[in-house]
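Here are the chains, one letter per residue:
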Amino acid sequence: MALRGPAGLGPGSRRPLDEAVAAAEGREAPALVAAGGAPEDGEEDDGRGRGLLRWDGFSAWLHCVCVVGFDLELGQAVEVIYPQHSKLTDKEKTNICYLSFPDSNSGCLGDTQFCFRFRQSSGRRVSLHCLLDQFDKDLPVYLKKDPAYFYGYVYFRQVRDKTLKRGYFQKSLVLISKLPYIHFFHTVLRQIAPEYFEKSEPYLEAACNDVDQWPAPVPGKTLHLPIMGVVMKVRIPTCHDKPGTTQIVQFTQQVADTNISIILPTVHEVDLFRCFCPVFLHSQMLWELVLLGEPLVVMAPSPSESSETVLALVNCISPLKYFSDFRPYFTIHDSEFKEYTTRTQAPPSVILGVTNPFFAKTLQHWPHIIRIGDLKPTGEIPKQVKVKKLKNLKTLDSKPGVYTSYKPYLNRDEEIIKQLQKGVQQKRPSEAQSVILRRYFLELTQSFIIPLERYVASLMPLQKSISPWKSPPQLRQFLPEEFMKTLEKTGPQLTSRIKGDWIGLYRHFLKSPNFDGWFKTRRKEMTQKLEALHLEALCEEDLLLWIQKHTEVETVDLVLKLKNKLLQADREHLPVKPDTMEKLRTHIDAIILALPEDLHGILLKTGMT
């Protein structure tokens, strides 16, 4: 494997390198240019602004685009990185090189699409696009960007070519992004990759210029995204959407738009039933394993099947976020290979998708392994696999099956199995089967999480205990045994027909990384809510009356504290009503004007940078 460095695409990049680097590192660049025309209609007030730097529009969606080719002497090599100023460390380039090609045993002829995920190198500067992270707060938790990881979306082509020494043309077009919008980026690649392989670099540059004109990825807005003559219509979900609904489809039924070429009903979901089809008899057991953050390996014949299955597993506990690491496609060259395959410690909480037969031996000590065959085209149903003992898994050629000694906590729901089997017999479309399966997983996850949500809400102090003149009160501690006692009357039996050892499942879950991540997120949200309520309490006070009873020093201290509160509310995106912020600014100005004139200038400037 070799690195050819960030090869450029010629003079078409209209921006000097020093300006690009300045922008990437967050320094001031010498000039601003208009980043695109006005939005077409009211629904795309995208928050992008007119004064963003060249490539800021592109960077809101993608980190860079890479072309990875195969060289007889060098092996896999990054041939092109675009835009030219995009920064990747040597370690990141190495990972991209190996993850962008299927293993040689996969035998992927023709065009193949898949996705991978890799760790960002430590020490990287925070990019300029922290200004776009404000959109992250409105996303559902499972779609929020993970600052430590990149996604790679691959379109790989391998075709016979007698003019080449090796006899094959092998190349991958790879989109590198922080956004987990799997379906969206695969659709983008289907639009641009086939023509790129025919027309080469100028076509790629033109496609990147199109992306740079896109509005920012604002959750809840219906976005029109032109790419090489095609307009895609998408809507990114928000945390306020009702789980399980797809609002863009409802919107589309009302308005027929002749300019739209592609309407995407989802940006992130995979074909759930197609992935679970070989194992749908065991889907509830797999849901438990994912929920509990158990180490899980998917052994598949190709990267498409491994990545789709891993993403379907991660997706099955939605709207809960899977907080452990997951690798839709993992190779022996991965920088974390040794860390994840060592036998000196217990396997980590991670889901790996692999295709190399070597892993059958290397990962034999892992407790749960799913071996799948070729995923059938939509409409064809593969034979259902069985749960088998781990000792029976010798090689990747072993028969498909779920190899585990895990005993599920919950009894199997025969209703969903009958429903899916009936759909198979009636040749129900895979999309419809996916809707049924997704609704089933959603109801199962909600039945599990509602008692936890109810208990955690009870840890919130009463609003009457919030005093404007004291620090906001603390949340009560989460006590596992206290929570367990609540399950007798308000447990999952209220919303789920499934019987079994729910208590045992909760005890196991409370020790898992998914609980840890979920509770930290909820605790942060509730703490921010307390801060917001404290701000509102301050706004309701007659602060001018208060300063009459206190010294000048105490008044100045109050002004500084109130300004810090404003900065905190802005920095942490506290859930504060807009009029509360305005009231607080008015209070601060009134207090400053009531102080001696020599303090006005200092206090008006202080804390507002």
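Residues numbered from 1 in each chain as written. Predicted model: local features only at pLDDT ≥ 70, side-chain atom pairs only at ≥ 80, totals over all residues. Heavy atoms only, no water.

Examining the overall build of the protein chain
Per the secondary structure count, the protein chain includes 20 helices and 15 strands. With 609 residues in all, the protein chain has 52% of them scored as buried. Summarising the internal contacts of the protein chain: among those between residues at least 6 apart in sequence, 74% fall at separations of at least 24. Roughly 29000 Å² of accessible area belongs to the protein chain as shown, and the carbon and sulfur atoms make up 53% of that amount. (Helix = DSSP H or I, 4+ residues; strand = E, 2+ residues; numbered from the N terminus. Buried < 20%, exposed > 50% of the residue type's maximum accessible area, 1.4 Å probe, protein only. Contact = heavy atoms within 4.5 Å. Areas by Shrake-Rupley, 256 points an atom, 1.4 Å probe, with all protein chains shown as cover.)

Quick notes on the nonpolar core
Generally speaking, nonpolar side chains in soluble globular proteins are found buried as a group. Core analysis: the largest hydrophobic core is formed by 108 residues, its most contacted members being W61, F184 and L452. Considering every element that reaches this core, the biggest residue donor is helix α13 (residues 430–457), with 10 residues. No fewer than three residues from each of domain 1 (56–207) and domain 2 (272–412) sit in this core. Setting aside chain neighbours within four positions, we find L452 in contact with F478, F483, Y506, F509, L510, F515 and W518. Formed by 23 residues, the second largest nonpolar core is a distinct cluster that contains L543, L562, I588 and I591. (Core = buried A, V, L, I, M, F, W, Y, C linked by side-chain atoms within 4.5 Å. Domains from an automatic or database assignment.)

Focus: unusual backbone geometry
The step from Y82 to P83 runs through a cis peptide bond, and the omega angle for that step is -5°. Structurally, P83 is set in the loop between β3 (75–82) and α3 (90–99). In the Ramachandran plot, M228 falls in the positive-phi region, its phi being about 50° despite a non-glycine side chain. When you line up the elements, M228 lands in the loop between β7 (222–227) and β8 (230–235).

Some thoughts on the packing of aromatic side chains
On inspection of all chains with the given rule, the structure shows 38 aromatic pairs. Measuring from ring centre to ring centre gives 5.9 Å for F330 and F359, while their planes differ by 50°; the resulting arrangement is tilted. Placement of the pair is F330 in the loop between β11 (325–327) and α10 (337–341) and F359 in helix α11 (residues 358–362), with a sequence separation of 29 residues. F330 gets classed as buried once you look at its relative accessible area, which sits at 0%. Ring geometry for Y455 and F483: centres 5.7 Å apart, planes at 55°, overall tilted. With a gap of 28 residues between them, Y455 in helix α13 and F483 in helix α14 (residues 480–490) connect regions that are remote in the sequence. Here F483 falls in the buried class, since its relative accessible area comes to 0%. Members of the aromatic cluster, joined through ring pairs, are W287, F448, Y455, F478, F483, Y506, F509, F515, W518 and F519. The ring of F326 has R117 sitting right over it, with the charged end atom 4.1 Å from the ring centre. Above the plane of the ring of F150 lies K178, whose end atom (NZ or CZ) is 4.5 Å from the centre. (Phe/Tyr/Trp six-rings, centres within 6.5 Å; stacked < 30°, edge-to-face > 60°. Lys NZ or Arg CZ within 6 Å of the ring centre and 35° of its normal.)

Observations concerning the pattern of salt bridges
As enumerated under the stated definition, the model contains 26 salt bridges in all. R235 is paired through a salt bridge with D241; the nearest N and O atoms lie 2.8 Å apart. By relative accessible area, which is 16% here, D241 ends up buried. E540 serves as the salt-bridge partner of K583, at 3.2 Å between the closest nitrogen and oxygen. Of this pair, K583 sits in helix α19 (residues 578–594) while E540 sits in helix α16 (residues 513–540), and the two are 43 residues apart along the sequence. It is possible to trace a salt-bridge network through shared partners that takes in R117, R119, D146, D325, R327, D334, E336 and E339. (Salt bridge = Lys/Arg side-chain N within 4 Å of Asp/Glu carboxyl O.)

Thoughts on the side chain of T355
Looking at the element boundaries, T355 is found in the loop between β12 (350–354) and α11. At 2.7 Å, the side chain of T355 forms a polar contact with the side chain of D103. (Polar contact = N/O pair within 3.5 Å; in protein donor to acceptor, adjacent residues only side chain to side chain.)

Overview of helix α8 (residues 283–291)
The buried fraction of α8 amounts to nine of the nine residues, a majority that puts the element mostly inside the structure. Listed in full, the buried residues belonging to α8 are S283, Q284, M285, L286, W287, E288, L289, V290 and L291.

Digging into the environment of L292
Mapped onto the secondary structure, L292 falls in the loop between α8 and β10 (296–299). Sequence separation between L292 and F515 is 223 residues; the distance between their C-alpha atoms is 8.3 Å. With residues near it in sequence (within four places) discarded, L292 still touches Y406, Y409, L505, H508, F509, S512, P513 and N514.

Considerations on the sheet that holds β10
Strand pairing in a sheet relies on backbone hydrogen bonds, with the paired strands running either antiparallel or parallel. As summarised here, the arrangement of the six strands in space is β11-β12-β10-β13-β15-β14, forming an open sheet in which the pairing is mixed. Edge strands, defined here as strands with exactly one partner in the open sheet, are β11 and β14 (386–388). Strand-to-strand twist across the sheet, computed as the mean angle between neighbouring axes with direction ignored, equals 15°. Two strands pair when backbone bridges link them, and β10 and β12 are joined in this way by four bridges, in the parallel orientation. Within β12, the residue paired with V298 across the bridge is G353. Packing of α8 onto the sheet brings it into contact with β10, β12, β13 (368–371), β14 and β15 (401–404), and relative to β15 it is tilted by some 50°. Sheet contacts for helix α9 (residues 303–315): β10, β11, β12 and β13; angle to β12, the most-contacted strand, approximately 160°. (Pairing = 2+ DSSP bridges. Axes fitted to C-alpha atoms, helices over the stretch in contact; angles between N-to-C directions.)

These results come straight from atomic positions and should not be treated as a statement about function.
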